[in-house]
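Now for the letters of each chain:
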Amino acid sequence: MFGIFKKSKIVRKSDNLNDTTTKWFNGQKVKIKSGTSAPSTRRNQTRRPKNPTWFRETPLPVPSVEKKQMLISSSNGVSKVAILEGPTLVQYYSSENTGKSKVGNIYLGKVKNVLPGMEAAFVSFGEEKNGVLYVADIEGSTKNSKIENLLKTDQEILVQVVKDAMGEKGARLTGQISLPGRYLVLIPNSKTKGISRRLADNERERLDKIIRKIKPNNFGVIVRTAAEGVSEESLKVDIEKLVEEWKTVSNYQSGDAPKLIHKEPDVSIKVIREHLNSTFKKVLIDKKLQYDEVKEYVELTSPEILDIVDHYDDQLGLFERYHIEDQIKKALDRKVWLPSGGHLIIDRTEALTVIDVNTGKFVGKNSLEETVYENNLEAAEEIARQLRLRDIGGIIVIDFIDMESQKKQQNLLNRFKQELAKDKTRTQVFDISRLGLVEMTRKNVAAGLIESFSDECEKCNGRGLIINDIFSNKTIDEGLLETEAVVE
C-alpha cells in the first residue's frame, strides 16, 4: 500500500498552450501557463553561479566633463587640494586630514594576540589601537591556512594599512604589500597580473603585451586606468622606480618593532598620482615651492600634460576665487538643495548611510509623474557628487520618490550608475527593491569629510538629542509623595 509514495514521473498536458490559471503562491497572485512540464533532474537543473553577476559587472565608461580643474593651496604648513568639474567642487583633500590617515603606510609590526576563533591577529604597529590582520591577508596564506600556524605572539611582521581605524575598530592591515605608482601598482612576491576594466578591450590587449615583456620576476603588476595611451618606455620607468622603492622597504632591520618603514607622500603628490590625467584642463598651485615640486613630479611621470600645470599668483586667494570654502560648508549640512527646489536629507548611522529624496519646493509643470521623475534624476546626479565630496563609504540606502513606470525606474538607475562612473572609489549598485529603495556600497577606506571637520558632542555623545531627566526628584518639590520600592 505504500507504493503510492514512490517517486513517479508526472506529465501535465494541455490542448491549448496559451491557457493560464491564477493561483496564490507565498501570499501573492501568480499566473501559471498550462503546458507540458518535464521531470526535474539534477542534470537539467541550472546551478546558481558561485559569484553572482552583479559582482562582475563591467564598469561604465567615465562620462566626459567639459572643464575639469585641480586647485592646490598651502598655508601654515597645511596643503589643500580641490577637484572641480566646471565651477562645482566634487572632491576635497587636506594634509591636515590625510596626515591622520595611515592608509598606504608600511610598518614593521609586532603580533600581540592570535585569535584562531576569529581567524585574525591583533598587531601593534605604533598607533594607539592595534591593527587587525586576517588570515587571508597574510603573505603566503592559502584557503585552508590556520592563522595559529602562520603567526605567533611577539612575532615581527611587515604590514601595510589598507583601512584607517574608525570608531571602536582598529585599522585593517595586510601582509600583502603593494606599491602604487603613476601608471601601475607593483605587488612584491606575487604572480598577480591585472589591467583596469575601465579601459577598452583593444587598449587592454596592448597593455597586456607590454606588461608581459617588462614585468620583473617575483612581482605582480596591476595596470591603472591612467596608463591609457602611455608608451612602453614610461611604464618601464614606473616599474623600475617602484622596484627601487621596494628594495628600500625590504631592507629594514628587525628587532625594533613597531616602527614606520614607508610613508605615503604629501597630499598634493598623492592626489596627482591618483587622479591627474589628460581629462584635466588646468592645475593651479598658489605656492611657488609646491609648484616646483609638483612640476618636477609631473615632468618625470607624465611629461605630455606638463603644460597644464600653472602657478597661481594673485592678490585674491585661490580657494576664495573659486568659492571652495563656501561649497565645503554646504557639504557639511544635513540638507542638500537640488537645482529645481527639491532636496536631499543625508543621515549617517553606525551601520549605514541613509539618503532621503524629497520634492521640497519643486512643483513641476505637466504631471505628478514627470515632476517626480525630473526630481529623481536631479537627485541621482547630486547624490553621486555628494558621495565623492563627503567621501561616504560602507552601505548606503537611497529612498528615491516612488515611480510606477518600470522604464523610468531603470532610466533612473542607469543615470545614477553613469554619474558614479566618475568616482574612482569602487562602488556597487543593486536594483531597486520592492520598497522602492536603492541599495549600494562604496569602498570605505578613511574618515569622511564630516568626520574630519567635526567632533562628537560631549552632551549627547553624537546622538543628536538629549534625553530628559525623567527620574529626577522634582516630584518632591511639587509636594508629591515619593514611595519607596518594595522588594519581596
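All values reported here derive from a predicted model rather than from experimental measurement. (Residues numbered from 1 in each chain as written. Predicted model: local features only at pLDDT ≥ 70, side-chain atom pairs only at ≥ 80, totals over all residues. Heavy atoms only, no water.)

**Student:** What is the right way to look at the sheet that holds strand β13 (residues 193-195) in this model?
**Tutor:** In any sheet, the strands associate via hydrogen bonds between backbone groups, in a parallel or an antiparallel arrangement. Spatially, β11-β12-β14-β13 is the arrangement adopted by the 4 strands of the open sheet, whose pairing is mixed. Each end of this open sheet is capped by a strand with a single partner; those strands are β11 (179-180) and β13. Where β13 meets strand β14 (residues 219-223), 3 bridges bridge the pair, whose relative direction is parallel. Among the inter-strand pairings, Lys-193 is bridged to a residue of β14, identified as Val-221. Lying on the sheet, helix α3 (residues 201-214) is in contact with β12 (184-188), β13 and β14; it crosses β13 at an angle near 150 degrees. Where helix α4 (residues 232-250) meets the sheet, its contacts fall on β11, β12 and β14, and the angle it forms with β12 comes to roughly 40 degrees. (Pairing = 2+ DSSP bridges. Helix = DSSP H or I, 4+ residues; strand = E, 2+ residues; numbered from the N terminus. Contact = heavy atoms within 4.5 Å. Axes fitted to C-alpha atoms, helices over the stretch in contact; angles between N-to-C directions.)

**Student:** What should I look at first to understand the nonpolar core in this one?
**Tutor:** Most often, soluble globular proteins keep nonpolar side chains buried together rather than apart. Of all hydrophobic cores here, the largest spans 26 residues; its most connected members are Ile-383, Ile-398, Phe-400 and Phe-416. Every element with two or more residues in this core is listed here: β19 (343-348), β20 (352-358), α9 (368-390), β21 (394-399), α10 (406-420) and β23 (437-442). Ranked by the residues each element gives to this core, the list is headed by α9, at 8 residues. Aside from chain neighbours lying at most four places away, what touches Ile-398 is Ile-355, Val-357, Ile-383, Phe-416, Gly-436, Leu-437, Val-438 and Met-440. (Core = buried A, V, L, I, M, F, W, Y, C linked by side-chain atoms within 4.5 Å. Buried < 20%, exposed > 50% of the residue type's maximum accessible area, 1.4 Å probe, protein only.)

**Student:** Teacher, can you tell me more about the layout of surface pockets here?
**Tutor:** It is the rolling of a water-molecule-sized probe over the atoms that shows where space remains empty. As a volume, the second largest pocket reaches approximately 530 Å³. In terms of lining, the second largest pocket is formed by 23 residues, of which the most central are Thr-88, Gln-327, Glu-382, Arg-385 and Gln-386. No other element matches the 8 residues that α9 contributes to the lining of the second largest pocket. Residues that form the lining of the second largest pocket fall into these classes: 9 nonpolar, 3 polar and 11 charged. (1 Å grid on protein atoms, 1.4 Å probe; cavity = no way out; pocket = protein on both sides within 12 Å on 5 of 7 lines; lining within 4 Å. Points joined across faces, edges and corners; volume = space filled by probe spheres on them. Nonpolar A, V, L, I, M, F, W, Y, C, P; charged D, E, K, R; others polar.)

**Student:** Looking at this structure, how should I read the side chain of Thr-371?
**Tutor:** Following the sequence through the fold, Thr-371 ends up in helix α9. With relative accessibility at 7%, the residue Thr-371 sits in the buried group. There is a polar contact of 2.8 Å between the side chain of Thr-371 and the backbone oxygen of Ser-367. (Polar contact = N/O pair within 3.5 Å; in protein donor to acceptor, adjacent residues only side chain to side chain.)

**Student:** Can you walk me through the pattern of salt bridges in this structure?
**Tutor:** Pairs may arise between side chains of opposite charge once their charged atoms sit close together. Throughout the structure, instances matching the rule amount to 25 salt bridges. One salt bridge in this structure joins Arg-273 and Glu-264, with 2.8 Å as the shortest N-O distance. Glu-264 carries the same exposure label as Arg-273, and that label is buried. If you follow the salt bridges from partner to partner, you end up with Arg-224, Glu-264, Lys-270, Arg-273 and Glu-274 in one network. (Salt bridge = Lys/Arg side-chain N within 4 Å of Asp/Glu carboxyl O.)

**Student:** Would you take a moment to explain a nonpolar patch on the surface for this structure?
**Tutor:** A grouping of Leu-115, Met-118 and Phe-122 is seen on the molecular surface, where their side chains present a nonpolar patch of about 260 Å² in accessible area. By relative accessible area, Met-118 is classed as exposed at 55%. (Patch = residues over 30% accessible without salt bridge, like charges linked within 9 Å, V, L, I, M, F, W, Y side chains within 5 Å. Areas by Shrake-Rupley, 256 points an atom, 1.4 Å probe, with all protein chains shown as cover.)

**Student:** Teacher, can you tell me more about the packing of aromatic side chains here?
**Tutor:** Between two aromatic rings, the relevant description is the distance of the centres plus the angle of the planes. Overall, the coordinates contain 2 aromatic pairs when judged by the stated rule. For the pair Phe-400 and Phe-416, a centre-to-centre distance of 6.2 Å together with 75 degrees between the ring planes defines the contact as edge-to-face. Here Phe-400 is found in the loop between β21 and α10, whereas its partner Phe-416 is found in helix α10, with 16 residues between them in sequence. For the pair Phe-400 and Phe-416, one class covers both residues: buried. The ring of Trp-337 is capped by Lys-361, whose NZ or CZ atom sits 4.9 Å from the centre of that ring. (Phe/Tyr/Trp six-rings, centres within 6.5 Å; stacked < 30°, edge-to-face > 60°. Lys NZ or Arg CZ within 6 Å of the ring centre and 35° of its normal.)

**Student:** How do you make sense of the packing of α9 against α10 when you look at a structure like this?
**Tutor:** When two helices pack together, their arrangement is given by the angle between the helix axes and by the axis-to-axis distance. Interaxial distance between α9 and α10 falls to 9 Å at its minimum, and their mutual angle equals 20 degrees. Classified by the angle their axes make, α9 and α10 are roughly parallel. Two packed elements cross with a definite hand, and for α9 against α10 that hand is right-handed. Contacts from Glu-369, Glu-370, Tyr-373, Asn-376, Leu-377, Ala-380, Glu-381, Ile-383, Ala-384 and Leu-387 of α9 reach α10 at Lys-408, Asn-411, Leu-412, Arg-415, Phe-416, Glu-419 and Leu-420. (Parallel < 35°, antiparallel > 145°, perpendicular 65-115°, else oblique. Left-handed = near helix turned anticlockwise from the far one by under 90°.)

**Student:** So what exactly am I meant to see when it comes to unusual backbone geometry here?
**Tutor:** For residues that are not glycine, phi is negative in most cases, and the peptide bond is trans in most cases. Cis geometry marks the peptide bond from Ala-257 to Pro-258; its omega dihedral reads 0 degrees. For Pro-258, the position within the fold is in the loop between α4 and β15 (259-262). Residue Glu-119 is not a glycine yet carries a positive backbone phi of 50 degrees. Positioned with a positive phi, His-323 is a non-glycine residue whose angle comes to about 55 degrees. Examined against the element boundaries, His-323 turns out to sit in the loop between α7 (318-321) and α8 (324-331).

**Student:** Quick question: what am I supposed to make of α10 here?
**Tutor:** Every α-helix winds through 3.6 residues per turn, so residues three or four apart in the chain are directed the same way. If you check α10, its first and last C-alpha atoms are 21 Å apart, about what 15 residues at 1.5 Å a residue would give, namely 21 Å. Among all positions in α10, only Lys-408, Leu-412, Leu-413, Phe-416, Lys-417, Glu-419 and Leu-420 are buried. Packing partners of the buried residues in α10 comprise α9, β21, β22 (427-429) and β23. (Expected span 1.5 Å × (residues − 1).)

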